[in-house]
Each structure stands twice: as structure tokens, then as C-alpha cells.
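Summary of the model geometry
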Amino acid sequence: MSIFRSLLRVLYPIACPGCGEMLLTNEVDLCVQCQMSLPLTHFSNTPFNLTEQRITGRFPYASATSYMYYQGCTISRPIVHAIKYHDNIRLARTLGRRMGLDLIQSGRFDDVELIIPIPLHPRKQRQRDYNQSEELCRGISEITHLPVITNNLYRNRYTNTQTHLSANERFINMQEVFSIRHPKQLHNRHILIVDDVITTGATIEAACKPLLTIPGITISIATLAIASK
């Protein structure tokens, strides 16, 4: 089987989504150089890190982290775009597994019981055919063995992209967007909310608002990347 894969790699070379160079036969998803160059935050070991600072005072949470920085001058930008816009589900799973290892090694997320991705609106999910945050969750779950819940938190209305909106416009755009289907499923549970990128925190705040009406719930946050506002 490995010989067959090697032959396919020779006939159909795959470009590294980080730098664009062709992957070698022993490289998977990212080239070695890009793997070594990921702009890691090491937030998982740092209380009141930048991710936590961004959401502190907006809603109660236990711990929050982001795996890497999202910056225009680093390889993180094309990597996130490959996951979010170019159907690179395998890369999302790979980075999800890295996030899972990071969470376990930190010890600050040991009490988490369930993983919930930030959901897409059904219309957007049909357009993309997948939810990048859910794929990150699948990778995290492979390492942590925690269940991923995808049928509870949902978007009740469609919103346009927030890429070019100001912080205040993002906050307004996300008002009353999320709802809960089965609140009893989450009673007295510690859940991990997962998203691809946190910018202003408006999306995560909006998602947590209905969750925080559930008795006994505890929320932690993990994102693949954190962007400058």
C-alpha cells in the first residue's frame, strides 16, 4: 500500500498548503519546514493569555486557548484558508490532533467532557459541504477521546461573512444568531467550544450566550488561531 501511495505521489504531486512547495513522499499535509515554522502561541499553558484577555468580562469561562497566531506575514494564513475555503479536511484533522495534544499536555482542560464546534448555517454548510470547525473537533477527539456534539448548538439565521466588519459591526451582526436544541444534554457538563479563528470574539460570545442559560454548564474555548483585531 505504501508503494502505491508513493507512486501516486510521484504521478500526482501535492503542494504544501503553507509554502506551495511540492510535498516529499514522506511528508503528509504540511512540509517539514512549515511544520517547524508554525507560529505557535503556547497559550494552553498560560493563564490569562491573549485569547482569554479577548473574552474576559464578556462571558464566564474556565480556560481558553488558541494554537497559533493568524498573521498575514506567516504561513498560518494560507493554512487557515486551505482548511476554511479549499476543502483541506485532512489538514484540519491533522491540526485538530495537534490541538488535542496541546490541550492534554497543558492540564488546564482536563475536566472537559464534550466538544462542540461553532456551527455553520445549513446554507453555508451546503455550499462548503463541510464545517471546518467540526473537522478540527474530530481531530481533537481522536487524541482526547471526548465525544463531539454537532446536533445541539445551531445557527438560527444566516449571516454574511464578517471578514471586513469592524468589531462593533461584528457584535451587532452576531446578535441572537445561535440557539440550543437539547439543553438537558448539557446540564452540569464542562464543554469545549471550538472555532477556527478568533478575531474580536463576537462569534464565540454569541454562541456562548444561549449555552450559559443551561444549569450548571461550564465553558472552555479552543481555536486553531488568533488574529489581531
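Report on the accompanying structure. Remember, it's a predicted structure, so these values are computed and weren't measured experimentally. (Residues numbered from 1 in each chain as written. Predicted model: local features only at pLDDT ≥ 70, side-chain atom pairs only at ≥ 80, totals over all residues. Heavy atoms only, no water.)

Attention now goes to the overall build of the protein. The number of helices and strands found in the protein is nine helices and six strands. Taking the intrachain contacts of the protein between residues at least 6 apart in sequence as the baseline, contacts between residues at least 24 apart amount to 73%. As displayed, the protein offers around 11500 Å² of accessible surface, 53% of which is attributable to carbon and sulfur atoms. (Helix = DSSP H or I, 4+ residues; strand = E, 2+ residues; numbered from the N terminus. Contact = heavy atoms within 4.5 Å. Areas by Shrake-Rupley, 256 points an atom, 1.4 Å probe, with all protein chains shown as cover.)

This part covers the nonpolar core. One finds Ile 79 and Leu 224 to be the most contacted residues of the largest nonpolar core, which totals 34 residues. Elements represented by at least two residues in this core include exactly strand 1 (64-70), helix 4 (76-85), helix 5 (89-106), helix 7 (132-144), strand 5 (190-198) and strand 6 (218-227). Residue contributions to this core peak at five residues, all from helix 5. Setting aside anything within four residues of it in sequence, one finds Leu 224 in contact with Ser 66, Tyr 67, Met 68, Val 80, Ile 83, Leu 95, Met 99, Leu 136, Asp 195 and Asp 196. Counting residues in hydrophobic clusters, the runner-up holds 28 residues, among them Ile 55, Ile 180, Leu 211 and Ile 221. (Core = buried A, V, L, I, M, F, W, Y, C linked by side-chain atoms within 4.5 Å. Buried < 20%, exposed > 50% of the residue type's maximum accessible area, 1.4 Å probe, protein only.)

Turning to the pattern of salt bridges, a few remarks are in order. Scanning all chains against the criterion turns up nine salt bridges. Between Arg 97 and Glu 142 there is a salt bridge whose closest N-O contact spans 3.2 Å. Remark: Glu 142 occurs in helix 7 and Arg 97 occurs in helix 5; sequence separation between them is 45 residues. Residue Glu 134 pairs with Arg 138 through a salt bridge whose shortest N-O separation is 3.0 Å. In this pair, Glu 134 and Arg 138 both sit in helix 7, four residues apart, roughly one turn of the helix. Residue Arg 138 is classed as partly exposed on the basis of its relative accessible area of 29%. (Salt bridge = Lys/Arg side-chain N within 4 Å of Asp/Glu carboxyl O.)

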